[in-house]
Structure formats: C-alpha cells, structure tokens
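One letter stands for each residue in the lines below.
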Amino acid sequence: MFSFFKKKFLSSSTPAAEPVAPAPAPEAAAPAPAPQVPAAPAGGAVPPAPAASTTTTEVHAEPSAPSAPPAVAATPTAQAPVAAPTTPVASAAAPEAPASAAWGSGSLIGSALVAPIEIPVAPAAPPERQKWLDKLKAGLGKTAASISGVFGGSQIDEALYEDLEGALLMADAGVAATQLLTDALRKKVKATGVTHPTALKNILIAELTELLQPLQKPLVIGEHTPTVIMVAGVNGAGKTTSIGKLTKHLADSNASVLLAAADTFRAAAREQLTVWADRNTVEIVSQEGGDPAAVSYDSVTAGKARGKDVVLIDTAGRLPTQLHLMEELKKIKRVIGKADGTAPHEVLLVIDGNTGQNAVAQVKAFDDALGLTGLIVTKLDGTAKGGVLAAIARERPIPVYFIGVGEKLDELETFNAREFAQALLA
Ligand SMILES: Nc1nc2c(ncn2[C@@H]2O[C@H](COP(=O)(O)OP(=O)(O)OP(=O)(O)O)[C@@H](O)[C@H]2O)c(=O)[nH]1
Ligand SMILES: [Mg+2]
C-alpha cells in the first residue's frame, strides 16, 4: 500500500452527471450495439466518499506518515515533497535525500581498508512496504548475488571492472547503462581514492539510484474528472492483472473507478476483467465482440456521466511489429480524445520484467506509436533480472509508476529508485 493523495478540482462546482454530448460518431467501425454497462453490483461501484464531493483535497496518508503535508506525494517509506501543486494521487516518491546523504559510517572490513567504508542506511520502511520490499529483494536475489560476487575481493582492479560489466550485462542493464555506470565508478574511485570493493559497491548503489531517479514519478489523478488511463502492452505482459491491482489501490483511496474491457478479441479477456471489477466492486463497460475503440469511447462518456474519478481502459495484447494492431491502438487513443478532448490523460505500457532487453525495444515502439506517459513493470518476483530498468532509464526514461511482484491484489507497488537499486545490488 502506498500513500495516496487526491485532490478534486471540479467536484463541488460541476454537476456530477454531465449530460453526455451527442456522440460524434467515433471512428469506431460499425455502429456497434450499445455496450453493456451493467449496473453496479450489489454494494455498487465505490461511490465517491462524501468528503470527496464537498472538499477540494483529500489526503490519505499512510499511518506511518501522519504529518505529510497535502499536495505531497510520498511512499510509505518516506516523505518527498513534490512540486506539483495540484497533485493528488498514487504516488511513488520516497526519501529523496540524495543517496549519499543517507549513508552512515561503515565498519572495518579486512586489512586492505584504507578509506572508511560508507554503508547506505535506509530509513526503516513501514511494515507493509517492508513486506513488499522483501518480496522484491527475493525476486531480484539472483541478480543481487551475482553482482555482489564481483565485490568479494580485496582490491579494485581492472578485473573487477570487467566482471562488473559482465554482471550488469547479464542483469539486462544493456550496453549503454553498463558503460555509463562503470565510467561513473571509475571517476568516483579516482576522485575519492577508495580502494576497497565494498566501498565501490556502495558507490554503485548511489550511481544506480541516480540513474533510476528520473523514472520515479507519481501517477496523478484528480486534475481531470475522470482521469482516463489507457493501458497497452504485448500479450501476457500483465495488463489486466495490473489494472485489477491498480483499481484496488484507487478504490482503497476512495477514488471511484470505471473499467473498460477494450480487449474485445477474446471473451475470456472480458470475463477476466469482470472478475477484477467484481473483486473491487467497481463498474465495468464491456461489449460482446465489437470494436475496442467504441468500447473505449463509451467508457469515457459513461465515466463522465457518472462522475467517476478514473476510467481504466484495458486493451488487447499486441506486438509492436503487428502494424495493423498498432494502428488499432492509435485509433483507440484518437477515439478516446473524441469523447473527451483532454483524454487520455495517461497512456501506460505494461512490461513483463522477464522480457530482458526486448523491453527497451517495446518501450520505444509503443512510445513512438502512442506517446507513453508511464510504465508498469510486472513479474519482478520470478526470474526477472531487474537491470532492464537501468536500460530504460538510459535509453527511454519514461516514468515507472508501479512495479508488480506477484499475482495478488496487493502485489503492485510504487517504484522508488533507491529501494530498487538496493534490492538489485545490496
Ligand atoms: N508472478 C507474477 N505474475 C503476474 C504478475 N502480473 C501478472 N502476472 C500473471 O501473468 C499472466 C498474464 O497476466 P494478464 O494480466 O492476463 O496479462 P495481459 O497483459 O492482460 O494479457 P493479454 O490480455 O492476454 O495480452 C497471468 O497469469 C497473471 O497472473 C506479476 O507481477 N507477477
Ligand atoms: Mg489482458
């Protein structure tokens, strides 16, 4: 669970149910039969909390961060003031002291020690976050072990750098990020005069944190009502599951969510999303067969009419090389814009963490086609090596809003650069 800040701008002055403008025929193909918009299940869609409709700012802070000021996005691990004044949302964020500032003094290791060893000391995370971090660490354990092995000797020499390059490449960090990191290490070693590999490893954690920092950004909702989020990705990346998990985070924070089953290729895909909708007791717009752009259009108009805070649009998996399917995705995006000229407000790509270097190619291709605003990286609990985030940071730094470490509802969390660097290397 992450802290969740939400601010509404129009809620008190805008009628909840705007009349839906006569639909300019979406580019959607045939005038498909009206999509089913089933009534909310018993218990209903999560209604906006009463406070939400009358006040302008809601703050749902983790118990561990009771004094966090409004308009601040923070993870349970810390409090990082975020500049965005208008920002509510699902946040990433963290203790944003520069990594080095969090370092404490180290202990003597071996007789070769000539410089004090600095050991990063992370502020204690709240129990829930810690549990999740442990899962992330376990998932990335193999990578951490193989990179740590490089620093097992007693001196920093060329062989160490070579081994480190190999270990980073094996971890999917890619050539460019590996080069950048090892160059930075060489410079730091020269500048500081450190001689012990353990000190070098701590420098690497700091350098990786810095490289990953641009990826750490909170997802903001509340600037638009509804905030329309379109989700794309290759087959089986974890789109539908991540939407289900994200819905829980949003609903837990009293945001009302409408799901859109715009993966109309498979009946099973619709059913799968319906299961997540039921689990979270939120409403879903779906249509048997039909055009995904039409479903998306209808979901946005329904979201507006019902005053939903968020519309989450699930799309069918596709490879970036399937050009006609990429064209379809672009069309979905355009048609969403016809239902709401400002939408989609977020275009997210879900990436399977096991994809290795191919993930970078996916990010580039989907970004070129759609203009991505954020990423969700899934399956970091299994065989994924994790270094791919460094490659993304180096080659196409698009914010990683969330990372997934399992199939369960609570196994999606906000991304924090320092936590991730430590899980990958410590
Ligand atoms: N271990 C693990 N499994 C995950 C994670 N996220 C999703 N999965 C699993 O990955 C498989 C595919 O997930 P989906 O959510 O159906 O993926 P999708 O991208 O919607 O798939 P398509 O719609 O077929 O393209 C399912 O078995 C999920 O349970 C994760 O973070 N960790
Ligand atoms: Mg799916």
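Above this note sits the structure.
Residues numbered from 1 in each chain as written. Chains lettered and ligands numbered in written order. Predicted model: local features only at pLDDT ≥ 70, side-chain atom pairs only at ≥ 80, totals over all residues.

### Overview of the pairing of strand E7 (residues 257-262)
Stage number 1. For E7, the buried fraction is high: six of the six residues fall into the buried class.
Stage number 2. Sheet topology places E7 next to strand E9 (residues 310-315); six bridges connect them, and they run parallel. Counted as the bridge partner of alanine 262 is threonine 315 from E9.
Stage number 3. In this structure, E7 lies alongside strand E8 (residues 283-285), joined through three bridges in parallel fashion. Directly across from leucine 258, in E8, lies its bridge partner glutamate 283.
Stage number 4. With respect to chirality, the unit in which E7 leads through helix H8 (residues 267-279) into the neighbouring parallel E8 is right-handed. (Buried ≥ 20, exposed ≤ 12 C-beta atoms within 10 Å, placed from the backbone. Helix = DSSP H or I, 4+ residues; strand = E, 2+ residues; numbered from the N terminus. Pairing = 2+ DSSP bridges. Right-handed = clockwise from strand over helix to strand, strands pointing away.)

### Brief notes about the sheet that holds E9
Within a beta sheet, neighbouring strands are joined by backbone hydrogen bonds and run either parallel or antiparallel to one another.
Stage number 1. The strand order across the open sheet built from eight strands is E8-E7-E9-E6-E10-E11-E12-E13, with neighbouring strands paired in mixed fashion. Either end of the sheet is taken by a strand with one partner, and the two such strands are E8 and strand E13 (412-414). Averaged over all neighbouring strand pairs, the angle between strand axes comes to 25°, with direction disregarded. (Axes fitted to C-alpha atoms, helices over the stretch in contact; angles between N-to-C directions.)

### With respect to the environment of alanine 167
Stage number 1. In this fold, alanine 167 is placed in helix H4 (residues 158-170).
Stage number 2. For alanine 167, a count of 21 C-beta atoms within 10 Å translates into the label buried.
Stage number 3. Between the C-alpha atoms of alanine 167 and glycine 387, which are 220 residues apart in sequence, the distance is 9.9 Å.
Stage number 4. When neighbours within four sequence positions are excluded, alanine 167 is seen to be in contact with Ser146, Ile147 and Val150. (Contact = placed C-beta atoms within 7 Å.)

### What to know about the nonpolar core
Stage number 1. Ranked by size, the top nonpolar core spans 106 residues in total, and within it Leu259 and Leu312 carry the most contacts.
Stage number 2. When residues of this core are assigned to their parent elements, the largest contribution, nine residues, is made by helix H6 (residues 197-212).
Stage number 3. Those residues in contact with leucine 259 that lie beyond four places of it in its chain are Ile243, Thr247, Leu273, Ala277, Val282, Ile284, Leu312 and Asp314. (Core = buried A, V, L, I, M, F, W, Y, C linked by C-beta atoms within 7 Å.)

### Some thoughts on the site of ligand 1
Stage number 1. Around ligand 1 sit 21 residues in total, of which Gly238, Thr240, Thr241, Gly317 and Gly404 are the nearest.
Stage number 2. Examining the composition of the shell around ligand 1, we find that three residues originate from one element, helix H7 (residues 239-252), more than from any other. (Near = placed C-beta within 6 Å.)

### Examining unusual backbone geometry
Stage number 1. Here the amide bond leading from threonine 225 into proline 226 is cis, since omega sits at -5°, within 30 degrees of zero.
Stage number 2. Locating proline 226 in the fold gives a position in the loop between H6 and strand E6 (227-233).
Stage number 3. Following alanine 343, the chain continues into proline 344 via a peptide bond in cis, with omega recorded as -5°.
Stage number 4. Unlike most non-glycine residues, threonine 281 shows phi in positive territory, near 45°.
Stage number 5. Relative to the elements of secondary structure, threonine 281 occurs in the loop between H8 and E8.

### Here's the deal with H4
Stage number 1. The end-to-end C-alpha distance of H4, which contains 13 residues, comes to 18 Å, matching closely the 18 Å that a straight helix rising 1.5 Å per residue would cover.
Stage number 2. The complete set of buried residues in H4 reads Leu164, Ala167 and Leu168. Along the axis of H4, the buried residues cluster in a sector spanning 95°; they form a single face. Turned more than 90 degrees away from the buried face of H4 sit Glu158, Ala159 and Glu162, all of them exposed.
Stage number 3. Turning to H4, the residues buried within the fold contact helix H3 (141-150) and helix H5 (174-192).
Stage number 4. Immediately downstream of H4, the backbone of aspartate 172 shows phi near 75°, a positive value. (Expected span 1.5 Å × (residues − 1). Arc of directions from axis to C-beta.)

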